[in-house]
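In case you want the letters, here they are:
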Amino acid sequence: MPPKLKEIFLPVRDEEHWREITSADNKRVTVVDLFYPWFGRCDALDEALRGLYMTIEDPDKKVQYLHLDLTKVPAFPEAEQPKATAKPRFFIYLVFLYAKG
């Protein structure tokens, strides 16, 4: 039996959880797969991101992948609520703070 793959995708539980994992304290690039439960997540995107994850040195410190059910976070703050469609949609998020020196 092959070894179990490490779970690298984090489901967003609710709006509070979304704010917590995308706070200014998060220094990682965040890739979010936006989906509606009636259609589900994009498996092809998951496989592509898993392959990319394996090429990154120390990926847990540099990138995080999220699955966002748009019915659980109805007021998706970073973008207009996507139309209900079967097309895969994802969002790349990075908090960049400019420190004046």
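Residues numbered from 1 in each chain as written. Predicted model: local features only at pLDDT ≥ 70, side-chain atom pairs only at ≥ 80, totals over all residues. Heavy atoms only, no water.

Peer 1: Even after reading the chapter, I still don't get the pairing of strand E3 (residues 63-69), so can you show me in this structure?
Peer 2: Regular strands show a simple pattern: their side chains alternate between the two faces of the sheet. Most of E3 is tucked away: seven of the seven residues are buried. Where burial is concerned, the two faces of E3 agree: the one with Val63, Tyr65, His67 and Asp69 and the one with Gln64, Leu66 and Leu68 are both buried. Sheet topology note: the strand E1 (residues 9-11)/E3 ladder contains three bridges and is parallel. For proline 11, the partnering residue across the bridge sits in E3 and is histidine 67. Relative to E3, strand E2 (residues 29-35) is paired through seven bridges, and the arrangement is parallel. Bridged to aspartate 33 within E3 is histidine 67. Handedness of the crossover is the feature at issue here: the chain leaves E2, passes through helix H2 (residues 43-55), returns alongside E3, and the resulting connection is right-handed. (Buried < 20%, exposed > 50% of the residue type's maximum accessible area, 1.4 Å probe, protein only. Helix = DSSP H or I, 4+ residues; strand = E, 2+ residues; numbered from the N terminus. Pairing = 2+ DSSP bridges. Right-handed = clockwise from strand over helix to strand, strands pointing away.)

Peer 1: When you look at the environment of lysine 6 in this model, what are you seeing that I'm missing?
Peer 2: Here lysine 6 is to be found in the segment before E1. Overall, lysine 6 belongs to the partly exposed group, its relative accessible area being 47%. Taking the C-alpha atoms as reference, lysine 6 lies 9.7 Å from arginine 50; in sequence the two are 44 residues apart. Setting aside residues no more than four positions away along its own chain, lysine 6 makes contact with Arg50, Tyr53 and Asp60. (Contact = heavy atoms within 4.5 Å.)

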